[in-house]
Amino acid sequence: MSGHGHGHGGHSHGCGCEGEHEPAERGLEYGLYRRIDIEKVQCLNESREGDGKLVFKPWDQRTDREKYVDSDADEELLFNIPFTGSVKLKGIIIAGEDDDSHPAEMKLYKNIPHMSFDDTGREPEQAFRLNRDPLAQLEYPTKIARFSNVQHLSIHLSRNFGAESTRVYYIGLRGEYAEAHRHEVTICNYELAANPADHKVETLTPQTHFIS
């Protein structure tokens, strides 16, 4: 058992089990698409209405080429993504075509419902230069402190690698989710009054993975 898991996330396939178990594990991590209020998702500058919603799909469909969104008037796309609760966003994957239509830059904004291109001049919470990633293998880690209480996420794909339009096949979101409910404030108060010793126990919980 001691050798199990070496090369996790890399390109090592020394043991056949990695190829079997890792996608399922990653699929669970990238399950936030189920927490998107998909009917209310907006994609500005999409070439065909409704296509922007199609790129938020299950992990095992991340390389599917049937569903995608193309930009229309220029290379920019702006996704407005409302969640059904509060999200702590930890990572994001953007997969496009293996050519110049792949997004080259991404800016993330939080809790600005109905954001427009006029709003993209403001300072983003985080910005990334992207690499071409047709197989959805590259995760861009967020600054979790800035994305710990997200009810609404906006993703601005501001440019690509030189093509007239931008194409996106998959957007994957990794993180944690909490239900939205009216008693949130009460729970926060309890949390603030909690015994600090309780939190020491929490820090040890990851160790249980090694025991099994």
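Residues numbered from 1 in each chain as written. Predicted model: local features only at pLDDT ≥ 70, side-chain atom pairs only at ≥ 80, totals over all residues. Heavy atoms only, no water.

The protein chain has the name PITH domain-containing protein 1 in an unreviewed UniProt entry, where Paramormyrops kingsleyae is given as its organism. In its Sequence similarities (unreviewed entry) section, the UniProt record describing the protein chain reads: "Belongs to the PITHD1 family." (UniProt positions renumbered as here; feature names shortened; annotations may be inferred.)

*Asks:* Help me out: how do you make sense of the pairing of strand β8 (residues 167-179) in this one?
*Replies:* Along any regular strand the residues' side chains alternate between the sheet's two faces. Examined bridge by bridge, strand β2 (residues 69-70) and β8 share 2 bridges and lie antiparallel to one another. Note on β8: the bridge partner recorded for V69 is V168. (Pairing = 2+ DSSP bridges. Helix = DSSP H or I, 4+ residues; strand = E, 2+ residues; numbered from the N terminus.)

*Asks:* Sorry, what's going on with the confidence of the model for the protein chain here?
*Replies:* Close inspection of predicted coordinates is inappropriate in any region flagged by low pLDDT. On average, residues of the protein chain carry a pLDDT of 82, and 74% of them reach 70 or more. In this model residues 1-21 is a low-confidence stretch, pLDDT under 50, and it forms 15 contacts with partners more than four residues away in sequence or in other chains. Predicted confidence for residues 183-212 stays below pLDDT 50, and this span has 6 contacts to residues more than four positions away or in other chains. (pLDDT = per-residue confidence, 0-100. Contact = heavy atoms within 4.5 Å.)

*Asks:* Help me out: how do you make sense of the environment of S101 in this one?
*Replies:* Mapped onto the secondary structure, S101 falls in the loop between β3 (77-96) and β4 (103-110). Under the relative-accessibility criterion, S101 is labelled buried at 10%. When the C-alpha atoms of S101 and E164 are compared, they prove to be 7.4 Å apart, with 63 residues separating the residues in sequence. At 2.6 Å, the side chain of S101 forms a polar contact with the side chain of D99. (Buried < 20%, exposed > 50% of the residue type's maximum accessible area, 1.4 Å probe, protein only. Polar contact = N/O pair within 3.5 Å; in protein donor to acceptor, adjacent residues only side chain to side chain.)

*Asks:* I'm lost on the packing of aromatic side chains in this one. Help?
*Replies:* For any two aromatic rings, the description comes down to two numbers: the centre-to-centre distance and the angle of the planes. Inspection of the entire model under this criterion finds 5 aromatic pairs. With a centroid separation of 5.7 Å and an interplanar angle of 70°, the aromatic rings of Y68 and Y169 are classed as edge-to-face. Highlighted residues: Y68 in the loop between β1 (42-44) and β2 and Y169 in strand β8, separated in sequence by 101 residues. Here Y68 falls in the partly exposed class, since its relative accessible area comes to 22%. Cluster of aromatic residues (ring-pair linked, three or more members): Y30, W59 and Y170. It is R65 that lies over the ring of Y169; its NZ or CZ is 4.0 Å from the centre. Just above the ring of F161 sits the side chain of R132; from NZ or CZ to the centre is 4.3 Å. (Phe/Tyr/Trp six-rings, centres within 6.5 Å; stacked < 30°, edge-to-face > 60°. Lys NZ or Arg CZ within 6 Å of the ring centre and 35° of its normal.)

*Asks:* Is there a simple way to explain the nonpolar core in this structure?
*Replies:* Buried together is how nonpolar side chains tend to be arranged in soluble globular proteins. Ranked by size, the top nonpolar core spans 28 residues in total, and within it F79, M106, I155 and I171 carry the most contacts. Mapped onto this core, the elements with two or more residues apiece are β3, β4, β7 (150-160) and β8. In terms of residue count, β3 provides more of this core than any other element does, 8 residues in total. With 6 residues, the next largest nonpolar core counts Y30, I93, A136 and Y170 among its residues. (Core = buried A, V, L, I, M, F, W, Y, C linked by side-chain atoms within 4.5 Å.)

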